[in-house]
Amino acid sequence: NVLKHYTSQEFDSTSIGSNKVLSIYEDHQFRIWIGTIGGGLCLYNETSDNFKTYTRIKDNLPSNFIYGIAESRFGNLWISTRNGLSRFDVENNKFYNYDHTSGFPLSELNMNSLLLTSKGELFVGGPSIANGYFKSENLSKEKADKEAINIFTTNLRQLLLSAPLGQKRILA
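Rules and cut-offs
Residues numbered from 1 in each chain as written. Predicted model: local features only at pLDDT ≥ 70, side-chain atom pairs only at ≥ 80, totals over all residues. Heavy atoms only, no water. Helix = DSSP H or I, 4+ residues; strand = E, 2+ residues; numbered from the N terminus. Buried < 20%, exposed > 50% of the residue type's maximum accessible area, 1.4 Å probe, protein only. Contact = heavy atoms within 4.5 Å. Areas by Shrake-Rupley, 256 points an atom, 1.4 Å probe, with all protein chains shown as cover. Core = buried A, V, L, I, M, F, W, Y, C linked by side-chain atoms within 4.5 Å. Pairing = 2+ DSSP bridges. Axes fitted to C-alpha atoms, helices over the stretch in contact; angles between N-to-C directions. Phe/Tyr/Trp six-rings, centres within 6.5 Å; stacked < 30°, edge-to-face > 60°. Lys NZ or Arg CZ within 6 Å of the ring centre and 35° of its normal. pLDDT = per-residue confidence, 0-100.

### Quick look at the overall build of the protein
Along its length, the protein carries 2 helices and 11 strands. If you list the helices and strands of the protein from N to C, you get β-β-β-β-α-β-β-β-β-β-β-β-α. The proportion of buried residues among the 172 residues of the protein is 42%. The contacts of the protein with a sequence gap of at least 6 include a subset with a gap of at least 24, amounting to 37%. Accessible surface for the protein amounts to roughly 10,300 Å². Of this, 50% is attributable to carbon and sulfur atoms.

Now the structure itself:
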């Protein structure tokens, strides 16, 4: 085995997007996805030993600061960024972004605060909210993104209105 070092090269579009890596994820097709600080989302191509980089300007990511990557049972990637959440439809090479302009309650997510459970629940955290979730399994490729926001917002409201652990909340 050989340890190989990859560096970002400003004028080489096939180099890694940034030298600062925050997250690495292997999907069900054994592709390696890399989330960077400022360099976007990178897909490693093992055959050619280089990278395809997805960025805010070129590909409509909410931010080039990629904090977390998870894969749904539909093969979509959920990506947490500095400016919101994104669902990447890998098959169609399209990003669907969730942020304050689309009704998503968090305008910023925290590093290491993305979890997709085996039940299809997606948990995220932001600086102003401890965490929230919605059922990603309710989101087939045919359903509208607006439904996802409604599901997330409803579940997040329930979470925020619930009593702290071990206490009861009485609503008048």
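Structure's up, so let's keep going.
### Brief notes about the nonpolar core
Counting residues in each nonpolar core, the largest one holds 12 residues, listed as Trp33, Leu41, Leu43, Tyr54, Leu61, Ile66, Ile69, Leu77, Ile79, Phe88, Val90 and Phe95. Counting residues per element, the ones that place at least two in this core are strand E3 (41–45), strand E5 (66–71) and strand E6 (77–81). Those residues in contact with phenylalanine 95, other than ones at most four positions away along the chain, are Leu41, Tyr54, Asp59, Asn60, Leu61, Ile79, Ser86, Arg87 and Phe88. Core analysis: the second largest hydrophobic core is formed by 11 residues, Leu106, Leu109, Leu114 and Leu116 among them.

### Structural notes on the sheet that holds strand E4 (residues 50–54)
Reading across from one edge, E1-E2-E3-E4 is the order of the 4 strands in this open sheet, with antiparallel pairing throughout. The two strands at the open ends of the sheet, each matched to only one other strand, are strand E1 (21–26) and E4. Ignoring strand direction, the axes of neighbouring strands in this sheet form an average angle of 25°. One ladder, built from 4 bridges, connects strand E2 (residues 32–36) with E3; its direction is antiparallel. Within the sheet, the bridge partner assigned to isoleucine 32 lies in E3 and is tyrosine 44.

### Regarding the packing of aromatic side chains
Under the definition given, this model contains 9 aromatic pairs. Centre to centre, the rings of phenylalanine 88 and phenylalanine 95 are 4.2 Å apart; their planes meet at 20°, and the pair counts as stacked. The same class applies to phenylalanine 88 as to phenylalanine 95, namely buried. One residue, lysine 52, lies across the ring of tyrosine 54, its end atom 4.8 Å from the ring centre. Geometry around tyrosine 96 places lysine 94 over its ring, the cationic atom sitting 5.4 Å from the centre.

### Here's the deal with unusual backbone geometry
Even without being glycine, asparagine 60 reaches a positive phi, approximately 75°. In this structure, asparagine 60 sits in the loop between helix H1 (56–59) and E5. We note that asparagine 93 has phi near 55°; this positive angle belongs to a residue other than glycine. Among the structural elements, asparagine 93 can be located in the loop between strand E7 (84–89) and strand E8 (94–98).

### Digging into the confidence of the model for the protein
Per-residue pLDDT for the protein averages 79, and the proportion of residues at 70 or more is 73%. Here residues 137–145 is modelled with pLDDT under 50, and outside its nearest four sequence neighbours on either side it reaches 19 contacts, counting other chains as well. Taken together, the stretch residues 158–172 has pLDDT below 50 and engages in 8 contacts with residues farther than four places along the chain or on a different chain.

### Some points on the sheet that holds E5
Reading across the sheet, the 4 strands line up as E5-E6-E7-E8 and stay open at both edges, with antiparallel pairing between neighbours. Each edge of the open sheet carries a strand with a single partner, namely E5 and E8. This sheet shows a mean twist of 20° between the axes of neighbouring strands, independent of strand direction. Summarising the sheet, E5 and E6 pair through 5 bridges and their orientation is antiparallel. For glutamate 71, the partnering residue across the bridge sits in E6 and is leucine 77.

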